[in-house]
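The lines below spell out each chain.
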Amino acid sequence: DEDFEVFRRCVQTGIDNEDSGLGCYAMQPDDYKKFGGFFNAVIRDYHGDETGKKKHVTDWDASSIGDGGVLDVRKLGFNEELSMRVRVGRNLTQYNLPGKMDQVERISFEKTMLKAFESLIKDPAYGGTVYSLTPDFGNGEANPNKISDAKYKELVDAHVLFKDMDADPFLKSAGISSDWPYGRGCWQSTDKQCIIWFGEEDQLRIMCMKKGYLLNEVFDRLNTMLKAVEAIDGIEFATSDDYGYVTSCPSNLGTGMRASVHVKIPNLTADGTDKKAKEVCKPLGLSVRGTGGEHTPIGADGTVDISPSNRLFIKESEIIGRLY
C-alpha cells in the first residue's frame with residue numbers, strides 16, 4: 001500500500017549504501033509519528049536517550065550565559081577575529097520533505113519562498129538577492145532569478161551555494177537530489193552575512209555568519225531572522241511534539257542547529273590531520289571538521305571547524321553556550 005511504499009523510500013538510502021550513517025530519511029513531516037515504531041528507536045539510540053521518554057524543548061534565551069548573554073571570545077584569550085556561523089534546518093508543514101517532492105512541488109515551494117524573500121529584501125536590515133538554479137517555472141513561465149553556470153560556480157566556490165546534490169549517493173538514493181536543479185537556490189542578504197538555502201537536504205537551511213568576537217551576534221541575528229520569516233503568510237515550520245523541528249535526517253531533529261567557529265589549533269594538527277583534535281574534542285561533546293565542512297581537509301595553518309555535536313534534547317541556548 002501507499003504507506004509501505006513511503007516507508008521503503010525512507011530506508012532506501014540505507015539499503016543502497018552500506019556505509020550510510022543512519023540509513024534513513026523522513027519523506028513527509030508526519031513520518032516520525034506515522035512510522036514511530038521504527039523512527040523512535042533510531043532517534044533515541046542515535047541521540048542517546050536511554051529513558052525513551054525525553055521530549056525536546058525549544059529555548060533561545062542565552063541571557064544566563066557569558067556576560068548577560070554577551071559571548072565575547074576575547075575573554076577566552078582569542079585576540080584574532082573568529083569566523084562564526086550558526087545555521088538551522090527547517091521545513092514547511094504544507095509540503096512533502098525533499099525526498100518525496102516531485103518537480104512540480106519543488107517549483108511550487110520555491111514560489112512560496114519567493115514571497116518570504118521579497119519581504120526580507122524590502123527590510124533594510126536584510127535587503128539582498130535571490131539566486132535560483134531552476135531552469136524555468138514550467139508551462140512557458142520564465143524564472144526571473146535564474147543564474148548562469150558561471151555565476152553558480154562562483155557562488156559555490158565562495159561557499160554561498162551548495163554543490164550539485166546529484167553527485168551525493170546518499171541523497172540520490174533517498175530521492176532528495178531528484179529533479180536537480182529545479183527548486184534549488186538561495187537568498188543572500190546585502191551584507192552577505194545571512195543566507196537561506198532552498199531545496200537542499202532540508203527545504204530550508206537558514207544561516208548567519210560573520211567574522212568577529214561576539215558569538216551572540218550571529219546567534220541573536222539568526223533568531224530574529226527566523227521570527228521574521230515565520231511571520232510571513234504561508235510560512236509555517238514543521239514541528240513534532242516529541243522531537244522539536246522536523247528535518248529530513250533524524251540526526252538533525254530538535255534544534256536543527258549547527259553553531260560553529262573556525263579556530264587555529266596548530267599543536268593538535270601538527271601531523272596535518274584532525275585526528276588528535278577529534279580525540280580531545282569528542283569527550284567535550286564537540287565535532288571537528290575541515291574548514292569547508294564535513295569530509296574536507298583542515299586549513300594549512302591548523303584551522304579547523306569546531307561545533308557542538310548535539311541537536312536534539314538540548315536547547316538552542318545550550319548549544320551556543322557549549323560552543324562558547
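I will try to describe carefully the structure that is included in this document. Since we're looking at a predicted model, the values are computed, not measured.

So, on to the overall build of the chain. Secondary structure summary: the chain contains 9 helices and 10 strands in total. Whereas a compact globule of 324 residues would reach a radius of gyration of roughly 20 Å, the chain reaches 20 Å, a difference of no more than 12%. Seen through its C-alpha atoms, the chain measures out along the principal axes to roughly 60 × 45 × 40 Å. Looking at the chain as a whole, 51% of its 324 residues qualify as buried.

On to the nonpolar core, then. Membership of the largest hydrophobic core comes to 57 residues, with the highest contact counts inside it found for Met225 and Ile320. Not counting chain neighbours up to four residues away, the residues in contact with Met225 comprise Tyr126, Trp187, Cys194, Ile196, Ile206, Met207 and Cys208.

The pairing of strands in a sheet comes from backbone hydrogen bonds and takes either a parallel or an antiparallel form. Taken together, the 8 strands give an open sheet; going across it, the order is 2-3-4-5-1-8-10-9, and neighbouring strands pair in antiparallel fashion. Because the sheet does not close on itself, it has two edges, and the strands there are strand 2 (129-132) and strand 9 (286-289). Ignoring strand direction, the axes of neighbouring strands in this sheet form an average angle of 20°. Bridge count for strand 3 (residues 185-188) against strand 4 (residues 194-198) is 4 bridges, and the pairing is antiparallel. Bridge assignment links Gly185 to a residue of strand 4, and that residue is Phe198. Along the sheet, helix 4 (residues 103-122) contacts strand 2, strand 3, strand 4 and strand 5 (204-212); its crossing angle with strand 4, the most-contacted strand, is approximately 170°. Helix 9 (residues 316-323) contacts strand 1 (82-90), strand 8 (257-264), strand 9 and strand 10 (303-308) of the sheet and is inclined by roughly 10° relative to strand 8.

Omega for the bond connecting Trp180 with Pro181 falls within 30 degrees of zero, at 5°, which places this linkage in the cis form. Within the fold, Pro181 resides in the loop between helix 6 (169-173) and strand 3. In this structure, His159 is a non-glycine residue whose phi angle is positive, near 65°. In this structure, His159 sits in the loop between helix 5 (149-157) and helix 6.

Attention now goes to the pairing of strand 8. With 6 of 8 residues buried, strand 8 is to be regarded as a mostly interior element. Across 6 bridges, strand 1 lies against strand 8 in antiparallel orientation. Across the sheet, the residue bridging to Val88 is Met257, located in strand 8. Judged from the 4 bridges that link them, strand 8 and strand 10 form a sheet pairing that is antiparallel. Bridged to His262 within strand 10 is Asp305.

The next point concerns the packing of aromatic side chains. Under the defined criterion, the tally for this structure stands at 11 aromatic pairs. Ring geometry for Phe38 versus Phe39: centroids 5.2 Å apart, planes at 70°, classification edge-to-face. Owing to a relative accessible area of 0%, Phe39 belongs among the buried residues under this scheme. Grouping aromatic residues by their ring pairs yields a cluster made of Phe7, Tyr32, Phe35, Phe38, Phe39 and Tyr243. One cation-aromatic arrangement involves Arg90 over Phe237; the distance from NZ or CZ to the ring centre is 5.8 Å. A cation over an aromatic ring shows up here: Arg90 above the ring of Tyr245, its NZ or CZ 3.5 Å from the ring centre.

In this section: the side chain of Arg184. By the element assignment, Arg184 lies in the loop between helix 6 and strand 3. Here Arg184 is buried and forms no salt bridge, its nearest opposite-charge partner Asp179 lying at an N-O distance of 5.5 Å. From its side chain, Arg184 meets the backbone oxygen of Ser178 in a polar contact 2.9 Å long. In terms of polar contacts, Arg184 uses its side chain to reach the backbone carbonyl oxygen of Gly199, at 2.9 Å.

This part is about the side chain of Arg258. Mapped onto the secondary structure, Arg258 falls in strand 8. A distance of 3.4 Å separates a polar atom in the side chain of Arg258 from a polar atom in the side chain of Ser307. When neighbours within four sequence positions are excluded, Arg258 is seen to be in contact with Arg85, Val86, Arg87, Arg289, Asp305, Ser307 and Arg311.

The next point concerns helix 5. Burial in helix 5 covers these residues: Tyr152, Leu155 and Val156. Buried residues in helix 5, looked at end-on, bunch into an arc of 100°, giving them a common side. Of the exposed residues in helix 5, the ones pointing more than 90 degrees away from its buried face are Ala150 and Lys153. His159 sits one or two positions beyond helix 5 and adopts a positive phi of about 65°.

Moving on, we come to the pattern of salt bridges. What the rule picks out here adds up to 21 salt bridges. In this structure, Lys264 engages Asp301 in a salt bridge whose closest nitrogen and oxygen atoms are separated by 3.8 Å. Residue Lys264 is found in strand 8, and its partner Asp301 is found in the loop between strand 9 and strand 10; the two are separated by 37 residues along the sequence. Taking the shortest distance from any N to any O, the salt bridge between Asp274 and Lys278 comes out at 3.8 Å. Given a relative accessible area of 16%, Asp274 falls into the buried group. Residue classification places Lys278 among the partly exposed positions, given a relative accessible area of 39%. Each member of the salt-bridge network shares a partner with another, and the members are Glu200, Glu201, Asp202 and Arg205.

So, how was this worked out
Residues numbered from 1 in each chain as written. Predicted model: local features only at pLDDT ≥ 70, side-chain atom pairs only at ≥ 80, totals over all residues. Heavy atoms only, no water. Helix = DSSP H or I, 4+ residues; strand = E, 2+ residues; numbered from the N terminus. Rg over C-alpha atoms; globule rule 2.2 N^0.38 Å. Buried < 20%, exposed > 50% of the residue type's maximum accessible area, 1.4 Å probe, protein only. Core = buried A, V, L, I, M, F, W, Y, C linked by side-chain atoms within 4.5 Å. Contact = heavy atoms within 4.5 Å. Pairing = 2+ DSSP bridges. Axes fitted to C-alpha atoms, helices over the stretch in contact; angles between N-to-C directions. Phe/Tyr/Trp six-rings, centres within 6.5 Å; stacked < 30°, edge-to-face > 60°. Lys NZ or Arg CZ within 6 Å of the ring centre and 35° of its normal. Lys, Arg positive; Asp, Glu negative; His and termini not counted. Salt bridge = Lys/Arg side-chain N within 4 Å of Asp/Glu carboxyl O. Polar contact = N/O pair within 3.5 Å; in protein donor to acceptor, adjacent residues only side chain to side chain. Arc of directions from axis to C-beta.

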